[in-house]
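# Summary of structural features
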Amino acid sequence: MDRADGSVVTDAEELITQQIPKLRRYARALLGDPARADDLVQETLLRALSRQHMWKPGTNMRAWMFTILHNIHVNNQRRRFVRGEFQDPLEDQPEQGTPSTQEHSLEIRDLAKALKTLPEAQRQVLLLVGLEGMDYKQVADVLEVPVGTVMSRLHRGREALRRLLSYERNVRPAERTTKLRMVP
Amino acid sequence: MTDNRPEIDEADLHAFVDGHLPPDRRRAAMANLAASPDQAARASDYRALNEAMHLTYDEVLHEPLPARLRVGRYVHPEAGRSGAFSGLAGPGQAMRAAALIALALASGFAGWSLNDRMSPAGVESEASSFARNAAQAHAVYTIDGRHPVEFGADQEDTLLLWLSDRLGTTIQAPSLQAVGLRLVGGRLLPSSGRPAGQLMYEGEAGQRITLYIRGRFPMPSGSLSGWHEDTVRYGGETGGVSLVYWATGGLAYALIGQMDREQLLATAKLVQEQLQIPSITPAAPVDQATEKGAT
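Residues numbered from 1 in each chain as written. Chains lettered and ligands numbered in written order. Predicted model: local features only at pLDDT ≥ 70, side-chain atom pairs only at ≥ 80, totals over all residues.

## A closer look at the overall build of chain B
To be explicit about the condition: Counting from the N terminus, the helices are the DSSP runs of H or I reaching at least four residues and the strands are the DSSP runs of E reaching at least two. Three classes are used. A residue is buried when 20 or more other C-beta atoms lie within 10 Å of its own, exposed when 12 or fewer do, and partly exposed in between, with C-beta atoms placed from the backbone. What counts as a contact here is a pair of residues whose C-beta atoms, placed from the backbone, lie within 7 Å.
Looking only at helices and strands, chain B features nine helices and seven strands. Of all 295 residues assigned to chain B, the portion counted as buried reaches 35%. Pairs at least 24 residues apart make up 61% of the contacts formed inside chain B by residues separated by at least 6 positions.

This is the structure:
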């Protein structure tokens, strides 16, 4: 299991490689801004590669890398805050465009927007559960909080989104009709 | 959560939606949902949220990876990568300590900005704020015993690729062997909202010198840049630490260390001689730029 020969290293690198698209998806959803999301993934990748000897073969590579990503993210936020450069990037980022031809575009845009209104701690839990399909214990390990905290964040976050989106559902159709009429 | 309790609680409802409920509880949950329109509606909304997340973000999984996110770029099978990092503790504590030090020292290094680089209106020039950032970064990381650098000299290629990606231009580490300094490594830092690179060198007596590099801001005409192209300026001295800085092409440099003015200027000259600065491409998106060069 713990061989120090090349094959284990290669396995780790292979497993690291497999996680990149998922880390990217999560970072994009978490941060909103694709460039900053890829910055975060790159830093995670570099750190994972440089510390791969600390990864125990047979354990969950995805959880390990998400934990690294989360730690880097927390440190980045802290650094920006200390340097006086902190601003929630989601506050001032332009919307990420979604293809308008898609049937679900209205709902999709609403979801991305609605997610941004959540406190980040809730957004993280909702994404790790809903997007990554992690179980609650894994989420608790990645975020380094108790499972009970995960559950309450999950509940609060989902309920908030539910209220927000059902409100949108009730308001949007009228707006849409108005806009359609204005188009010649 | 007892198995014979007929009601399911909130946690069960979430676990049901997410597929984490054991089969017996799952049956209880389904019976419950059938009897409770309110809970059924919530379960349905929760599930819809999960699906909407996939609809929104799954396309990222299929986007081609930019070169900087490919493992192969950093892995050189013939180069050993064992034990480059001994920092077993997470970076958290070191960063916290460093952050506090940065706060404490920021006022001490304010002196850098007071020489001759303020406009009459008291607006700090770009060069001045750059020098101050460089001095702060030097103060923070040269005394960091555990994580003075993010990547060590044994991973110089990775370090320079990373910095080049983030600064949007090729970053090189000049050799300062001629003045008795060896490369320790480097790191990426935020500097006035932009990425900056810090390369750290060490002399035989353990003294540390840092070279701080950042892209220059595009300056509106008439605003205060404070730069004199290619001219090395002496920034001053605080507690035995001196600073010089200059700008060449699209990049600004600062060299900081426990040296006297003449030594530092000579070292800066050595740096300048070695750096073949390619012109920076303004506003070129890094990803696309690196993508084109990808295999």
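## What about the environment of Ala266 of chain B?
Residues and elements named next belong to chain B. Along the chain, the position of Ala266 falls in helix α8 (residues 261–274). Taking the C-beta count within 10 Å as the criterion, Ala266 has 12 such neighbours and is therefore assigned exposed. For the pair formed by Ala266 and Val179, sequence separation is 87 residues and the distance between their alpha carbons is 8.9 Å.

## Some details on unusual backbone geometry
A positive phi is found at Glu144 of chain A, a non-glycine position, where the angle reads about 55°. For Glu144 of chain A, the position within the fold is in the loop between α7 (136–143) and α8 (147–182).

## Concerning α7 of chain A
All names here are of chain A. Where we set the bar: The arc in question is traced by the directions running from the helix axis to the C-beta atoms.
Of all the positions in α7, only Tyr136, Gln138, Val139 and Val142 are classed as buried. Here the buried residues of α7 occupy an arc of 160° about the axis, which is enough to place them on one side. Following α7 by one or two positions, Glu144 adopts a phi angle in the positive range, close to 55°.

## What to know about the sheet that holds strand β5 (residues 233–238) of chain B
Residue and element names in this part refer to chain B. This is how the line gets drawn: By the convention used here, strands pair only if DSSP detects at least 2 bridges between them.
Pairing is antiparallel in the open sheet, where seven strands are placed in the order β1-β2-β3-β4-β7-β6-β5. Bordering the open sheet on either side are β1 (151–152) and β5, each of which pairs with just one other strand. Alignment of β1 against strand β2 (residues 181–191), held across two bridges, turns out to be antiparallel. Across the sheet, residue Phe151 finds its bridge partner in β2, namely Gly186.

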